[in-house]
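Each chain, written out:
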Amino acid sequence: MFKKFFIFCLIIGAAIYFTYNFIDSGKCRDFITENADKNWAPAAIYYLGNYFIIVQQQDRAEKIYKDVIEIFPGEKYYERSLYKYFYFGAERRSKKEAIKRGETYLEEFPDTDNAQLVRKRIETMKKF
């Protein structure tokens with residue numbers, strides 16, 4: 001009984017290790033972008049960006065959202081990625097870069113729920 005449990009834990013541990021290594025090494029992002037023509041690719045890369053937010057790697061998440069914007073314009077996850085890309089710009093980049101990202105978001109999505117938040121954030125950045 002203990003031997004089976006040990007083998008089970010070993011298999012699960014190996015699966016977690018190899019999955020983490022696949023994601024962290026950038027091979028996962030490369031695999032998704034190579035298969036950009038597949039219908040699962042936009043969602044997969046968007047959620048990869050969310051994964052990097054969860055593990056506190058904001059720079060990598062920002063790059064992933066930029067990939068979504070560049071590779072998958074017009075897809076379901078495009079608007080969300082553009083907003084998060086602006087958000088990271090407002091938090092981590094220069095004021096000029098953040099305002100540019102926010103204005104891009106407002107040009108494409110002026111009537112969304114996040115548009116008002118973007119407008120307020122841009123106004124605040126311009127004042128200070």
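Let us look at the structure shown here. Please read all numbers here as calculations on a predicted model, not as lab measurements.

Quick notes on the overall build of the protein
For step 1, the next point in the chain: A tally of helices and strands in the protein yields 7 helices and 0 strands.
For step 2, the next point in the chain: Ordered by position from the N terminus, the helices and strands of the protein form the series α-α-α-α-α-α-α.
For step 3, the next point in the chain: The globule rule puts the C-alpha radius of gyration for 128 residues at 14 Å, and the 19 Å found for the protein is more than 25% above it.
For step 4, the next point in the chain: In terms of overall dimensions, the protein has a C-alpha envelope of 65 × 35 × 25 Å along the principal axes.
For step 5, the next point in the chain: When burial is assessed residue by residue, the protein has 34% of its 128 residues classed as buried.
For step 6, the next point in the chain: Across the protein, contacts joining residues at least 24 apart in sequence account for 46% of those joining residues at least 6 apart.
For step 7, the next point in the chain: Carbon together with sulfur atoms contributes 58% to the accessible area of the protein, which is approximately 8,700 Å² in total.
For step 8, the next point in the chain: Taking the average place of the 22 positive charges on the side chains of the protein and the average place of its 18 negative ones, the gap between the two points comes to 6 Å.

Comments concerning the packing of aromatic side chains
For step 1, the next point in the chain: Under the definition given, this model contains 13 aromatic pairs.
For step 2, the next point in the chain: Note on Tyr 51 and Phe 52: the rings are 5.3 Å apart at their centroids and 65 degrees apart in plane angle, and the pair reads as edge-to-face.
For step 3, the next point in the chain: You can call Phe 52 buried: its relative accessible area is 2%.
For step 4, the next point in the chain: Through a chain of ring-to-ring contacts, the aromatic side chains of Tyr 46, Tyr 47, Tyr 65, Tyr 77, Tyr 87 and Phe 88 assemble into a single cluster.
For step 5, the next point in the chain: A cation over a ring is seen here: Arg 101 above Tyr 85, with NZ or CZ 3.7 Å from the ring centre.

Here we look at the side chain of Arg 101
For step 1, the next point in the chain: Positionally, Arg 101 belongs in helix H6 (residues 95–108).
For step 2, the next point in the chain: If sequence neighbours within four positions are ignored, Arg 101 has contacts with Glu 62, Tyr 85, Phe 86, Phe 88, Gly 89 and Arg 93.

What to know about the pattern of salt bridges
For step 1, the next point in the chain: In total, this model carries 8 salt bridges according to the counting rule given.
For step 2, the next point in the chain: A salt bridge links Asp 24 to Arg 60; the nearest nitrogen and oxygen atoms lie 3.0 Å apart. With Asp 24 in helix H1 (residues 2–24) and Arg 60 in helix H4 (residues 58–71), this residue pair connects regions lying 36 residues apart in the sequence.
For step 3, the next point in the chain: Taking the relative accessible area as the measure of exposure, Asp 24 reaches 31% and is therefore partly exposed.
For step 4, the next point in the chain: Among the residues examined, Arg 60 registers a relative accessible area of 26% and is labelled partly exposed.

Quick notes on the nonpolar core
For step 1, the next point in the chain: Leu 48, Phe 86, Tyr 105, Val 118, Ile 122 and Met 125 are the most contacted members of the largest nonpolar core, which has 31 residues in total.
For step 2, the next point in the chain: Looking at this core, the elements with two or more residues in it are helix H2 (27–34), helix H3 (41–54), H4, helix H5 (78–92), H6 and helix H7 (113–127).
For step 3, the next point in the chain: Sort the elements by how many residues they give to this core and H5 lands first, with 7 residues.
For step 4, the next point in the chain: Sequence-distant contacts of Ile 122, that is, excluding residues within four places in its chain, are made with Phe 86, Ile 99, Gly 102, Glu 103 and Leu 106.

Cut-off values and rules
- Residues numbered from 1 in each chain as written.
- Predicted model: local features only at pLDDT ≥ 70, side-chain atom pairs only at ≥ 80, totals over all residues.
- Heavy atoms only, no water.
- Helix = DSSP H or I, 4+ residues; strand = E, 2+ residues; numbered from the N terminus.
- Rg over C-alpha atoms; globule rule 2.2 N^0.38 Å.
- Buried < 20%, exposed > 50% of the residue type's maximum accessible area, 1.4 Å probe, protein only.
- Contact = heavy atoms within 4.5 Å.
- Areas by Shrake-Rupley, 256 points an atom, 1.4 Å probe, with all protein chains shown as cover.
- Lys, Arg positive; Asp, Glu negative; His and termini not counted.
- Charge placed at Lys NZ, Arg CZ, Asp CG, Glu CD.
- Phe/Tyr/Trp six-rings, centres within 6.5 Å; stacked < 30°, edge-to-face > 60°.
- Lys NZ or Arg CZ within 6 Å of the ring centre and 35° of its normal.
- Salt bridge = Lys/Arg side-chain N within 4 Å of Asp/Glu carboxyl O.
- Core = buried A, V, L, I, M, F, W, Y, C linked by side-chain atoms within 4.5 Å.

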